[in-house]
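Chain residues, written in single-letter form:
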Amino acid sequence: MKNIRKNVDDLRSQIGYHNYRYYVLDDPEIPDAEYDRLLRELQSIEKEHPELITPDSPTQRVGALPLKEFGEIKHKLPMLSLDNAFDEQEVSDFDRRIREKLGLDKIEYTAEPKLDGLAVSLLYENGILMRAATRGDGMTGEDITQNARTVPSIPLRLIGKDFPKLLEVRGEVYMTKKGFEQLNERAREKGDKEFANPRNAAAGSLRQLDPKVTATRPLEIACYSIGIVEDGKMPARHSLILKKLREWGLRINPEIKTVSGAKGCMEYYQVIAKKRDGLPYEIDGVVYKVDSIEQQNEMGFVARAPRWAIAHKFPAQEEMTVIEDIEIQVGRTGALTPVARLRPVQVGGVTVSNATLHNEDEIKRKDVRKGDTVIVRRAGDVIPEVVSVVTAKRPKGLHKFEMPTQCPVCKSEVEKEEGEAVVRCVAGLYCPAQRKEAIKHFASRRAMDIEGLGDKLVDQMVEQGLIKDIADLYSLKKEQIAAMERMGEKSAENILKALDKSKQTTLARFIYALGIREVGEATAQTLADELGSMETLRHATEEALLELPDIGPIVATHIIAFFSEKHNRDVITKLQKAGVHWEEGKTTAESDVLKGQTFVLTGTLSAMTRDEAKDRLQALGAKVTGSVSAKTSYVVVGTDAGSKLAKATKLGVSILEENEFLKRLSHWEK
Ligand code: IVH
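My aim in this report is to walk through the structure given alongside it, one point at a time. Small disclaimer: the values here were computed from a predicted structure and weren't measured.

The rules behind these values
Residues numbered from 1 in each chain as written. Predicted model: local features only at pLDDT ≥ 70, side-chain atom pairs only at ≥ 80, totals over all residues. Heavy atoms only, no water. Helix = DSSP H or I, 4+ residues; strand = E, 2+ residues; numbered from the N terminus. Buried < 20%, exposed > 50% of the residue type's maximum accessible area, 1.4 Å probe, protein only. Contact = heavy atoms within 4.5 Å. Areas by Shrake-Rupley, 256 points an atom, 1.4 Å probe, with all protein chains shown as cover. Lys, Arg positive; Asp, Glu negative; His and termini not counted. Charge placed at Lys NZ, Arg CZ, Asp CG, Glu CD. Disulfide = S-S within 2.5 Å. Salt bridge = Lys/Arg side-chain N within 4 Å of Asp/Glu carboxyl O. Pairing = 2+ DSSP bridges. Axes fitted to C-alpha atoms, helices over the stretch in contact; angles between N-to-C directions.

**Some thoughts on the overall build of the protein**
Right, so step 1: Counting its regular elements, the protein contains 24 helices and 26 strands.
Right, so step 2: Every one of the 670 residues in the protein was classed for burial, and the buried ones make up 46%.
Right, so step 3: Pairs at least 24 apart in sequence give 68% of the contacts found in the protein among residues at least 6 apart.
Right, so step 4: Of the accessible surface of the protein, which amounts to about 34200 Å², a share of 49% is contributed by carbon and sulfur atoms.
Right, so step 5: Here the protein contributes 101 positively and 105 negatively charged side chains, and the mean placements of these two sets differ by 2 Å.

Below, the structure is given as structure tokens:
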């Protein structure tokens, strides 16, 4: 029995250690399968000897019975909140108040991202997680111990020996952006209600009465302070406390830094603001905390917030406004996209007056109506979207939205393909809206790269009947271009030059530029590499297409449909007559050093753009795709790489950091 007990103890320590490597250090030492094996071994021993099961056993993460309601927990030390600063002036004032009170010239701060989740308190007794609570009103929270146990990055037992007998750790439980999207996708599939944002999703998941449900939710923790400490010593600086917590196996956000003075704080704010969209989780600002605990104590508190810390908030990404109208836009493939025209509102420092409503199903699900008050959201460069309707503010008598039965631009019929959410105008290139978009796509950088031929210019040219199809571009005259709004002799000349330059292209670019449905850059490249000529592509049968790598039945059908239209074939001939040409031959790659190798690029590279890297790899015969799988040969990671890096690590795919990638690239290109 003594031996078994030792074995169980060993297994638990090992599993705890590997959890720490995986969740805290982000640096697993063993493959997932090996971890699972250890866990299964422990499970089987515990099954035979249930008397050995303890609450800190890794097998106990999921398993507790659902609760009827949460118990209450009174915080021994209140869980405070933070004062906010909305601009640099308020941060300077904060720093000045501290300097004046302490009589110092410069203050050291710890600067941290302000994660958008919910605050929890974890109580460790002799290193074992005994209790977890939500913040509640700061004085009393809810007992969420069973749920907290299901969060993989919350250690059930601390590592090491030098922790205090009683230690309360505080942190934020949150959901990553990716986890949130996947959760909502699952909810959508099941017809369940979706969460409005990752914060709500995290709160809703942690406050589930059934821990088994919580266990299925992708929650994580980042610890940022301590509460009660008994029988043990903690370091005298906040930054060192966090370091200690990390040593004991608690997860600390990797972006945390110690900075000097208000200037250091502002610089940190700018750095994080730039990184924000690339971070795998949502943040709504940064937090500055006086680093010295002695100085913190001297500063003390006001009401519910400490005088030694402040949250420097980013401009809000969600605001409320009114939908003045719902209009329909027709895209390149004929898809009708409803767009909300909004009463202009400032969101995240930018005026937003339009927001996408995606498609008919989305509008129905959210029940968005003209005249509704809605929450709009803008994140980074993505198109602003309507998150939800504030139904309490809905005026009486608003009509439900109905999708039009005709194309609003060309009045042709619309259709909805089975299983698709999108309604499309069937008129194809006869529809002026689709024509405009097709021309814009043809001219775009990754297609024919016609510099200076912007969206507004194309709109005008189509509206004035100057061009009817992409081939007409090459018969434009200087005077015609110069006569357009905001155009002159010089700019017209430049456009003609750009048109001329674009005539020399590659087969892959040309195929992509045609805008065949579902044929993106990668597919166009495959078609060019495998078929080698336009003639072969034009006459390819469905069976022949299906034999090509990565070409499925849907893409094949679209390709066949495209070439069966006489109009499309004529346009290609017209383009070739106008002088558009490319080199034919089976592979467009300049070399085949990387033939058969698949690359995925993720994060920001400093030496070149991802597009450039992609071109250079393709020129070496490599395939560059967007998602990591077991078949991926290499994942090239720049800064702020997110889930793709995690997936590569998990699948054991080779990872190339930028330096190493550049070295190898120059070697391959030799
Ligand atoms: S410190 C006395 N640090 O923000 C210090 N809070 O507005 C209290 N939060 O309730 C909290 N990230 O839920 C702190 N790095 C961070 C934080 C953070 C997010 C949340 C936390 C807190 C709220 C206060």
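The rest of the description comes next.
**Describing the state of the cysteines**
Right, so step 1: This model, assessed by the stated rule, comprises zero disulfides.
Right, so step 2: No disulfide involves C431; its nearest neighbouring cysteine sulfur is the one of C410, lying 3.8 Å away.
Right, so step 3: According to the relative accessible area criterion, C431 is buried, its value standing at 0%.

**What to know about the pattern of salt bridges**
Right, so step 1: This model, assessed by the stated rule, comprises 56 salt bridges.
Right, so step 2: Where R157 meets D56, a salt bridge forms, and the shortest distance between an N and an O atom there is 2.8 Å. Remark: D56 occurs in the loop between α2 (32–48) and β1 (72–74) and R157 occurs in the loop between α4 (145–149) and β7 (166–175); sequence separation between them is 101 residues.
Right, so step 3: Using a relative accessible area of 30% as the deciding quantity, one classes R157 as partly exposed.
Right, so step 4: Measuring nitrogen to oxygen at the nearest pair gives 3.1 Å for the salt bridge that ties E493 to K478. Separated by 15 residues along the polypeptide, E493 in helix α15 (residues 489–502) and K478 in helix α14 (residues 478–482) bring together distant segments of the chain.
Right, so step 5: Of the residues examined, E493 reaches a relative accessible area of 29% and is grouped as partly exposed.
Right, so step 6: The partly exposed category is assigned to K478, whose relative accessible area is 25%.
Right, so step 7: A network of salt bridges, in which partner residues are shared, links R445, R446, E521, D611, K614 and D615.

**A short note on the sheet that holds strand β24 (residues 623–625)**
Right, so step 1: The strand order across the open sheet built from four strands is β24-β23-β25-β26, with neighbouring strands paired in parallel fashion. Edge strands, defined here as strands with exactly one partner in the open sheet, are β24 and β26 (654–657). Geometrically, the sheet is characterised by an average inter-axis angle of 30° between neighbouring strands, direction not taken into account.
Right, so step 2: As paired strands, strand β25 (residues 634–637) and β26 are joined by four bridges and run parallel to one another.

**Things to note about helix α13 (residues 455–463)**
Right, so step 1: Among all positions of α13, only L457, V458, Q460, M461 and V462 are buried.
Right, so step 2: Buried positions along α13 lie against α12 (432–443), α14 and α15.
Right, so step 3: One or two residues past the end of α13 sits G465, with phi positive at roughly 75°.

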